[in-house]
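Single-letter residue listing:
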Amino acid sequence: MKNEWPLWEIFIRGQHGMSHRHVGSLHAPDAEMAIKNARDVYTRRNEGVSIWVVEARHISATAPGDKGPLFEPSESKVYRHPTFFDIPEEVGAM
Amino acid sequence: MYAQMIKTARTGVKPREEMSEQERAFQDKIDAGIKIEPRDWMPDDYRATLIRQIGQHAHSEVVGQLPEGNWITRAPTLERKAILLAKVQDEAGHGLYLYSAAETLGESRDELIRLLHEGRMKYSSIFNYPTLNWADIGAVGWLVDGAAIINQVALQRTSYGPYSRAMIRICKEESFHARQGYHAIMKMAFGTPEQKKMAQDAVNRLWFPALMMFGPSDKDSVHSEQSMAWKIKVKTNDELRQQFVDQTVPQIEYLGLDLPDPNIKWNEERGHYDFSDPDWSEFFDVIKGNGPCNVDRMNARRKAWDDGQWVRDGLLAHARKKAAAKVAAE
Ligand SMILES: [Fe+2]
Ligand SMILES: [Fe+2]
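Residues numbered from 1 in each chain as written. Chains lettered and ligands numbered in written order. Predicted model: local features only at pLDDT ≥ 70, side-chain atom pairs only at ≥ 80, totals over all residues. Heavy atoms only, no water.

### A look at the coordination of the iron ion (ligand 2)
All names here are of chain B. At the metal site, the iron ion (ligand 2) is ligated by Glu 91 (OE), Asp 145 (OD), Glu 174 (OE), Glu 174 (OE) and His 177 (ND1), and these contacts range over 2.0 to 2.7 Å. Between the iron ion (ligand 2) and the iron ion (ligand 1), a spacing of 3.2 Å is present, and a bridge between the two is formed by Glu 91. Taken together, the positions of Asp 145 in helix 6 (residues 134-155) and His 177 in helix 7 (residues 161-189) put the pair 32 residues apart, joining distant regions of the chain. An identical accessibility class is assigned to Asp 145 and His 177; each is buried. (Donors = N, O, S within 2.8 Å, 3.2 Å for Na, K, Ca; no water. Helix = DSSP H or I, 4+ residues; strand = E, 2+ residues; numbered from the N terminus. Buried < 20%, exposed > 50% of the residue type's maximum accessible area, 1.4 Å probe, protein only.)

Dropping the structure here:
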């Protein structure tokens with residue numbers, strides 16, 4: 001059996017009520033130690049108020065090759081943006 | 001620098017005509033400033049060069065803790081002790097960010113550490129010099145971290161996403177390192193005549209080793225060209241070294257210390273300071289393992305690894321037992 005500690009991905013919620021954001025990864029034997037290590041490594045300067053840890057092998061991701069089919073279709077749908085619509089000034093704020 | 005003399009498979013840059021279609025698309029991405037991410041296609045030699053460079057950089061952060069760790073228990077005040085402790089702890093974090101970046105390329109941290117401990121990977125030559133007294137600790141923060149910052153700021157624009165992001169994180173923490181060092185050396189340079197003498201002595205001894213951190217001069221850096229084309233390196237060794245000298249000379253003058261090299265002189269025409277080359281034969285000798293502290297550093301690293309084995313094993317055994325108990329309960 002490999003004796004390397006598993007890899008964990010670390011997510012931190014910053015001070016200002018934002019979502020948890022991926023900040024990096026680290027090795028730890030279990031979730032409890034991953035949280036302790038994340039606190040030492042990633043929040044030494046007040047960077048966070050909450051930590052999530054996820055073992056890296058549990059993350060599923062899109063393949064780089066699927067970028068086109070997945071994300072290009074939205075490029076042509078300009079009407080999804082509010083600026084697509086000209087609204088007369090007289091109507092007021094909208 | 002923290003990564004000196006990184007070998008690539010070839011010298012010179014692969015001409016576009018010789019590239020495969022994939023290689024051409026890859027180069028176009030780099031030229032367009034698009035970051036390469038872990039699961040993107042990349043040439044084998046790009047991957048191998050990055051693993052060597054990031055690995056050496058990570059080793060330097062970790063081994064770099066040793067010369068400073070030496071002075072934590074002997075810091076002159078409690079405040080200086082807390083500061084130095086925080087600084088050395090940051091360096092452990094830098095090592096971790098960098099090992100993580102290397103791991104995204106498919107090389108495990110344990111494997112990189114094994115290669116270091118077997119003497120098959122290197123770390124920066126600078127950490128093979130001793131820290132003899134408290135003035136050296138100030139000079140290390142100011143000059144060594146100062147040199148590291150110049151390199152790392154440039155590397156924030158490196159083409160590999162995880163490496164670039166590690167550099168951005170590291171740079172945020174580094175100016176604390178340089179400033180605490182300069183602050184410590186200021187206290188000595190403006191202190192008693194004995195303290196000033198110590199500050200001068202530290203600058204004299206560390207100046208040339210600091211210049212060596214940027215690696216051999218461009219004309220002798222046969223492996224730089226491909227790395228520059230791939231934006232694994234962003235500026236040449238000589239460019240970075242000049243930038244360091246230009247930034248540091250006024251800082252030495254402010255302290256009222258003598259310049260450590262009689263040939264340092266402002267060159268109006270170039271708009272830069274002229275200065276002497278370090279003794280490159282000394283540099284190559286240190287790289288080969290013959291510096292004043294190479295053996296000590298490697299012994300300390302191996303001892304720390306071996307002494308920690310039971311902790312790593314114990315925590316892993318505990319985690320496995322808990323996981324098995326959880327499965328049994330379900
Ligand atoms: Fe560092
Ligand atoms: Fe540093």
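### Digging into empty space enclosed by the protein
The probe, sized like a water molecule, is rolled over the atoms to show the empty space still left. Residues and elements named next belong to chain B. All chains considered together, the criterion is met by 3 cavities of 30 Å³ or more. The computed volume of the largest cavity comes to approximately 60 Å³. What lines the largest cavity is simply Tyr 2, Ser 60, Glu 61, Gly 64, Glu 68, Lys 87, Glu 91, Phe 127, Val 140, Val 144 and Asp 145. Sorting the residues of the lining of the largest cavity by element identifies helix 2 (44-63), helix 4 (78-103) and helix 6 as the ones contributing at least two each. A class-by-class count of the residues in the lining of the largest cavity yields 4 nonpolar, 2 polar and 5 charged. Its volume calculated, the second largest cavity comes out at about 50 Å³. As for the second largest cavity, its lining consists of Pro 67, Ile 126, Phe 127, Tyr 129, Thr 131, Val 140, Val 144 and Leu 206. When its residues are assigned to classes, the lining of the second largest cavity shows 7 nonpolar, 1 polar and no charged. (1 Å grid on protein atoms, 1.4 Å probe; cavity = no way out; pocket = protein on both sides within 12 Å on 5 of 7 lines; lining within 4 Å. Points joined across faces, edges and corners; volume = space filled by probe spheres on them. Nonpolar A, V, L, I, M, F, W, Y, C, P; charged D, E, K, R; others polar.)

### A short note on the pairing of strand 2 (residues 20-27) of chain A
Residues and elements named next belong to chain A. Of the strand pairs in this sheet, strand 1 (residues 7-13) and strand 2 are connected by 7 bridges, and their pairing is antiparallel. Among the inter-strand pairings, Leu 7 is bridged to a residue of strand 2, identified as His 27. The hairpin formed by strand 1 and strand 2 contains 6 residues between the paired strands, and Gly 17 there has a positive phi angle of roughly 70 degrees. (Pairing = 2+ DSSP bridges.)

### Section: the confidence of the model for chain B
Summarising the model, chain B shows a mean pLDDT of 95, and 98% of its residues fall at 70 or more. For this predicted complex, the interface confidence comes out at an ipTM of 0.87, alongside a pTM of 0.93. (pLDDT = per-residue confidence, 0-100.)

### Quick notes on the pairing of strand 1 of chain A
If a strand is regular, its side chains alternate between the two faces of the sheet. Residues and elements named next belong to chain A. Within strand 1, 5 of the 7 residues are buried, which leaves the element mostly enclosed by the surrounding structure. Bridge count for strand 1 against strand 3 (residues 50-55) is 6 bridges, and the pairing is antiparallel. Bridged to Arg 13 within strand 3 is Ser 50.

### Quick notes on the nonpolar core
Residues and elements named next belong to chain B. Among the nonpolar cores identified, the biggest contains 47 residues, and Trp 134, Trp 142 and Phe 244 are the most heavily contacted of them. For this core, the secondary-structure elements that each account for two or more residues are helix 4, helix 6, helix 7, helix 8 (193-212) and helix 10 (237-254). Of the residues forming this core, the biggest block, 12 residues, is contributed by helix 6. (Core = buried A, V, L, I, M, F, W, Y, C linked by side-chain atoms within 4.5 Å.)

### Here's the deal with the interface of chain B and chain A
Accessible area lost upon the coming together of the parts is a frequently used measure of interface size. Taken together, the contact between chain B and chain A spans 21 residues of the former and 25 residues of the latter. Summed over both sides, the interface of chain B with chain A buries roughly 2000 Å², with 49% coming from carbon and sulfur. Of all residues in chain B, the largest losses of buried area upon contact with chain A belong to Arg39(B), Arg169(B) and Leu316(B), amounting jointly to 25% of the total for that side. Between chain B and chain A we count 6 salt bridges in total. At the surface where chain B touches chain A, the tally comes to 10 residue pairs in polar contact (both at pLDDT 80 or more). Going through the elements one at a time, helix 4, helix 5 (109-117), helix 7 and helix 13 (309-329) of chain B are the ones with two or more residues in the side of chain B that touches chain A. (Contact = heavy atoms within 4.5 Å. Buried area = accessible area lost by both parts, 1.4 Å probe. Salt bridge = Lys/Arg side-chain N within 4 Å of Asp/Glu carboxyl O. Polar contact = N/O pair within 3.5 Å; in protein donor to acceptor, adjacent residues only side chain to side chain.)

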